[in-house]
Amino acid sequence: MSNDSQHFEISKHKDYLYVIKENISIVHPVYRNDPLNMYLVLGSHSALLLDTGCGLYPLKPIVDDLISGRKLFVLNTHTHWDHILGNEEFGEVYVHKNEANIVSKPYDLSFLIDSPCEIVKKYKEKNFSIPPAKIIKKIKDGHEFDLGEISVKVIHTPGHSPGSICLLTSRGELFTSDVAYYGDTFLPKRNKFPQVLKSLSKLIEIFEKQKNLELYPSHQKYPCDKTLLTDLYNGIKNIENIWDTKKLFDFFDAWQIDGEKFRYFISRM
Ligand SMILES: [Zn+2]
């Protein structure tokens, strides 16, 4: 089992970009999108942390160490459990306005009560209810974080969740959150696919203007190139052709469909 010092894997990817990786399958084997990638962008006077992870071990001391006195902005790319449970450690967290209500109150983790993983004891100690950050700041499309010599712009890309955002830096990184990554892909109900495709188109359009962008997804492999976006776009479009192959996946209240490059979990709720 992990302990404090080995739970997070930290790597300096660029002078101004750290990746803090956390495995989420240790919480329940049903989650297979390891690792979760949290990104820390360092400007000259401020830093931006994308997501706060599973809340199992202290994250803030690690971040404080890396930012060497810079002002810190903390942001949730969306409010699924694996991205927000460390919020409590930080005083103030930014999130898209569509999901601010979810992270403004204690987060109910009771769906993990029957997990076979020992680490879940840590959640049990908190009665499967994880406190929120004290201050939640709502943001919307176009919001910009000025970190000093680097700015980071918020792009609202609903679909995976109503308040999912991606982030574009002035240095050419596009953080795609859970909107696009290679792995198990979580989608809303089928009637919301047009919204998912519209968000992916929005990202593809950004690529058309700025050809050498690098993609940094919140799970699994990074950096990726534009193929990730087109693969996912085409894969989701193709779901209607393989709809009959769907299987019930109770844990997620979803339909599971195995595509060529992605495994889809499509909400039934
Ligand atoms: Zn996730």
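Residues numbered from 1 in each chain as written. Predicted model: local features only at pLDDT ≥ 70, side-chain atom pairs only at ≥ 80, totals over all residues. Heavy atoms only, no water.

*Asks:* Hey, could you go over the packing of aromatic side chains for me, with residue numbers and the actual values?
*Replies:* Tallied over the full model, the rule gives 19 aromatic pairs. The interplanar angle of 45° and the centroid separation of 4.9 Å between the aromatic rings of Tyr-39 and Phe-175 together place this pair among those described as tilted. Highlighted residues: Tyr-39 in strand 3 (residues 36-42) and Phe-175 in strand 13 (residues 173-177), separated in sequence by 136 residues. Look at Phe-175 and you get buried, because its relative accessible area is 2%. Members of the aromatic cluster, connected to one another through ring pairs, are Tyr-31, Trp-81, Phe-186, Phe-249, Phe-251, Phe-252 and Phe-265. Lying across the ring of Tyr-57, Lys-122 places its NZ or CZ 4.2 Å from the centre. Taking the ring centre of Trp-255 as reference, the NZ or CZ of Arg-268 above it sits at 5.5 Å. (Phe/Tyr/Trp six-rings, centres within 6.5 Å; stacked < 30°, edge-to-face > 60°. Helix = DSSP H or I, 4+ residues; strand = E, 2+ residues; numbered from the N terminus. Buried < 20%, exposed > 50% of the residue type's maximum accessible area, 1.4 Å probe, protein only. Lys NZ or Arg CZ within 6 Å of the ring centre and 35° of its normal.)

*Asks:* Tell me what's going on with the sheet that holds strand 12 (residues 165-169), and back it up with residues and numbers.
*Replies:* Within a sheet, adjacent strands bond to each other through the backbone by hydrogen bonds, running parallel or antiparallel. Strand order across the open sheet formed by 5 strands is 10-11-12-13-15, with mixed pairing between neighbours. The sheet terminates laterally at strand 10 (144-146) and strand 15 (214-217), the two strands that pair on one side only. Across this sheet, the average inter-strand angle for adjacent strands is 20°, counted without regard to direction. Most of the contacts of helix 6 (residues 193-209) go to strand 11 (residues 151-156), to which it runs at about 140°, and overall it touches strand 11, strand 12, strand 13 and strand 15. (Pairing = 2+ DSSP bridges. Axes fitted to C-alpha atoms, helices over the stretch in contact; angles between N-to-C directions. Contact = heavy atoms within 4.5 Å.)

*Asks:* Give a detailed account of the coordination of the zinc ion, specifying residues and quantitative values.
*Replies:* Under ideal tetrahedral coordination, the four donors around a metal are separated by 109.5 degrees; under ideal octahedral coordination, the six donors are separated by 90 or 180 degrees. Protein ligation of the zinc ion involves Asp-82 (OD), His-83 (NE2), Asp-178 (OD) and His-219 (NE2), the donor distances falling in the range 2.0 to 2.5 Å. What the 4 donor atoms of the zinc ion show is an angle range of 88 to 166° at the metal, which sorts the shape as irregular. Going along the chain, you hit the donors of the zinc ion in the pattern D-H-x94-D-x40-H. Per residue, the accessibility class of Asp-82 equals that of His-83, and both read buried. (Donors = N, O, S within 2.8 Å, 3.2 Å for Na, K, Ca; no water. Tetrahedral: all angles 85-135°; square planar, octahedral: opposite > 155°, others 65-115°.)

*Asks:* Tell me about the pattern of salt bridges, residues and numbers included.
*Replies:* Counted by the stated rule, this structure contains 15 salt bridges. Notably, a salt bridge pairs Asp-184 with Arg-32, separated by 3.0 Å at the nearest N-O pair. Here Arg-32 lies in the loop between strand 2 (17-22) and strand 3 and Asp-184 lies in strand 14 (residues 184-187), a separation of 152 residues in the sequence. Residue Asp-184 is classed as buried on the basis of its relative accessible area of 6%. Residues Asp-141 and Lys-202 are paired through a salt bridge, measuring 3.5 Å at the closest nitrogen-oxygen approach. On the criterion of sequence distance, the pair formed by Asp-141 in the loop between strand 9 (135-139) and strand 10 and Lys-202 in helix 6 is long-range, its members being 61 residues apart. A relative accessible area of 33% places Lys-202 in the partly exposed class. Here the salt bridges do not stand alone but share partners, grouping Lys-14, Glu-173 and Glu-214 into one network. (Salt bridge = Lys/Arg side-chain N within 4 Å of Asp/Glu carboxyl O.)

*Asks:* Can you tell me about the sheet that holds strand 17 (residues 254-258), naming the residues and giving the values?
*Replies:* Taken in spatial order, the 4 strands of this open sheet run 14-18-17-16, and their pairing is mixed. A strand with exactly one partner marks an edge of an open sheet, and here the two such strands are strand 14 and strand 16 (247-249). Each strand of the sheet is rotated relative to its neighbour by a mean of 30°, with strand direction disregarded. Of the pairings in the sheet, the one linking strand 14 to strand 18 (residues 263-267) comprises 4 bridges and is parallel in character. Bridge pairing in strand 18 places Phe-186 opposite Phe-265.

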